[in-house]
Amino acid sequence: MSSELRMQNNENLVEVRDLVVKFRTDEGIVNAVNSVSYDIPIGKTMGVVGESGCGKSVTSNAIMRILPDNGWIASGSILFNSKLGVFDVARCPDKDKRLVQLHGREMAMIFQEPMTSFCPVYTIGNQIIEAIRLHTSIPKSEWKNTAIELLRKVKIAKPEQRVDEYPYQLSGGMRQRAMIAMALASNPRLLVADEPTTSLDVTVQAQILDLMKDLQNEYGMSILMINHNFGIIAETCDDVAVMYLGRIVENAPTAELLKNPLHPYTQDLFRSIPQVTDKRGQKLAYIEGSVPDAYLLPKGCAFFSRCRKAQKGLCDQSVPPTTDVGNGHLVSCFRYDK
C-alpha cells in the first residue's frame, strides 16, 4: 500500500485530507470532525485553534490512532511520511505493524494535563524508561542514565534526584517538562502538543514554549500545536488552521492570518480578545449564540446562526466552498467565493 501512495508535497510530514471522525453514544452519532484537511510540513509547527469542542483534539487523536472504542474514522486519509515509506494511517488495521512503529517511535504526544497522564504509583524515571525500553534499542544498562539525560535536556534541576520521584512530588511545570522528556525518548518525527501549557502560569508557559522551540531546532521534528490561545499560536506556529464545529473555516500562514483574518468567525475571535487600549469600563466583546448540536449538523455553514455577516437563503442552505485568496490563505466563506 505504501508504495502506491504519494504525498502532494514532499516537504510535508503529514497530509490530512477530508477527514471525518464520528462517535457512537447513547444519544446518537456525534459528528466530531467533518471533512478536515491540512498539512504538517517537515520541521515546522502547525497550529490548530478554536473553541472548546470544535474537534481540535479529536483530529490529533485520529492522526495518532488513539481514538476511544466508540470513535472511528468514517472517511478521509491521513498520509504520513514515515521511515517505512508513505502510508495512510486512517486505513491501517488496528494490529498493523506500522502502527507499532508509529506510536512513540515516529509520533509522540504531550497531553493536556500531565498529572492525569502519569501513573501516580510509578516514579517519573520508571515511566520514561518504559518509553525508552519500548521504542529504542538502547541497552538496559543505559536506560536510567538516558532518562536522567532527557530530564536534564528539558532543563529540570537535579535530574539525578527527580528521576526517582513520583508525579505528585513535582510542580505542574516540572511535570510538563517530564512529559516532554518522555515524548522525546524515541526522537519522534512528529510531536503533538495538546494544549501543553494549560493551568500553568504565564512565566512557566513561556519557558515551556521556548523549550519546545529549542528542542524542535535540535531534533528537526514537526509539531502540531493545539490551542485556544491566539497569543501562543502567534508565538510558536508557522501556519494555523481555525476550526469550528469540526470544520476548518480558515487556514493560512500565521503572519498572514494575524494581519488579515477573513472568516467572520476568525474576525469575531480576534474581536473578543481584550486589548490594553480598551477604555475603562468597556464591555468585553463576545460571539453571540451557541455552537450548534454536533448530533445534528446544520444544513449550511455551521457558523450561520452566530454570524454577523450571514446571508439568509445562501449561507443556511449549503456548505461554503474553500477559496484560495492568495499567499497560501484559504477561507471557507461565500463572501470570498469567486
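Our subject is the structure listed above.
Residues numbered from 1 in each chain as written. Predicted model: local features only at pLDDT ≥ 70, side-chain atom pairs only at ≥ 80, totals over all residues. Heavy atoms only, no water.

Student: For this particular structure, what's the right way to read the sheet that holds strand E2 (residues 28-41)?
Tutor: Hydrogen bonds between backbone groups are what pair the strands of a sheet, and the pairing can be parallel or antiparallel. Across the sheet, four strands lie side by side as E2-E1-E4-E5; this open sheet has antiparallel pairing. Two strands bound the open sheet, and with one partner strand each, they are E2 and strand E5 (85-88). The sheet shows a mean angle of 10 degrees between the axes of neighbouring strands, direction not considered. Sheet topology note: the strand E1 (residues 12-25)/strand E4 (residues 71-82) ladder contains eight bridges and is antiparallel. Paired with Lys22 across the two strands is Trp72, which belongs to E4. (Pairing = 2+ DSSP bridges. Helix = DSSP H or I, 4+ residues; strand = E, 2+ residues; numbered from the N terminus. Axes fitted to C-alpha atoms, helices over the stretch in contact; angles between N-to-C directions.)

Student: Looking at this model, I keep getting lost on a nonpolar patch on the surface. Mind explaining?
Tutor: A cluster of nonpolar side chains, namely Met115, Tyr166 and Tyr168, defines an oily patch on the protein surface of about 310 Å² accessible area. With respect to the helices, strands and loops of the structure, Tyr168 is situated in the loop between helix H6 (159-162) and helix H7 (172-183). With a relative accessible area of 59%, Tyr168 lands in the exposed category. (Patch = residues over 30% accessible without salt bridge, like charges linked within 9 Å, V, L, I, M, F, W, Y side chains within 5 Å. Areas by Shrake-Rupley, 256 points an atom, 1.4 Å probe, with all protein chains shown as cover. Salt bridge = Lys/Arg side-chain N within 4 Å of Asp/Glu carboxyl O. Buried < 20%, exposed > 50% of the residue type's maximum accessible area, 1.4 Å probe, protein only.)

Student: How should I be thinking about helix H4 (residues 124-135) in this particular structure?
Tutor: Two residues of an α-helix separated by three or four positions point the same way, owing to the 3.6 residues in each turn. Here H4 spans 17 Å end to end across 12 residues, near enough to the 16 Å set by a 1.5 Å rise per residue. The complete set of buried residues in H4 reads Ile124, Gly125, Gln127, Ile128, Ile129, Ala131 and Ile132. Of the surrounding elements, those touching the buried residues of H4 are helix H5 (143-153), H6 and H7. (Expected span 1.5 Å × (residues − 1). Contact = heavy atoms within 4.5 Å.)

Student: What exactly am I supposed to notice about the packing of aromatic side chains here?
Tutor: Aromatic ring pairs: the centre-centre distance and the angle between the two ring planes describe each pair. Going through the model one piece at a time under the given rule, you end up with six aromatic pairs. Each ring, one from Phe230 and one from Phe270, has its centre 4.5 Å from the other, and the planes form 25 degrees; the classification is stacked. Note that Phe230 is positioned in helix H9 (residues 230-236) and Phe270 in helix H11 (residues 264-271), a separation of 40 residues in sequence. Between Tyr244 and Phe303 the ring centres are 5.1 Å apart and the planes differ by 80 degrees, which places this aromatic pair in the edge-to-face class. Here Tyr244 is found in strand E9 (residues 239-244), whereas its partner Phe303 is found in the loop between H11 and strand E11 (322-324), with 59 residues between them in sequence. Residue Tyr244 shares its accessibility class with Phe303, and that shared class is buried. Linked through ring pairs, Tyr244, Tyr265 and Phe303 together constitute an aromatic cluster. (Phe/Tyr/Trp six-rings, centres within 6.5 Å; stacked < 30°, edge-to-face > 60°.)

Student: Could you clarify how one ought to interpret empty space enclosed by the protein in this entry?
Tutor: Over the atoms, a rolling probe the size of a water molecule traces out where space has been left empty. Following the criterion strictly, the structure yields two cavities of 30 Å³ or more and no others. Approximately 90 Å³ is the volume attributed to the largest cavity. Lining the largest cavity are 13 residues, with Pro264, Cys301, Cys307, Cys315 and Cys333 positioned closest to its centre. Residues of the lining of the largest cavity, tallied by class, amount to 10 nonpolar, one polar and two charged. As a volume, the second largest cavity reaches approximately 40 Å³. For the second largest cavity, the full set of lining residues is Thr45, Leu209, Met212, Lys213, Gln216, Ile223, Met225 and Thr236. Every element with two or more residues in the lining of the second largest cavity is listed here: helix H8 (202-219) and strand E8 (222-227). Considering each element in turn, the lining of the second largest cavity owes the most residues, four residues, to H8. (1 Å grid on protein atoms, 1.4 Å probe; cavity = no way out; pocket = protein on both sides within 12 Å on 5 of 7 lines; lining within 4 Å. Points joined across faces, edges and corners; volume = space filled by probe spheres on them. Nonpolar A, V, L, I, M, F, W, Y, C, P; charged D, E, K, R; others polar.)

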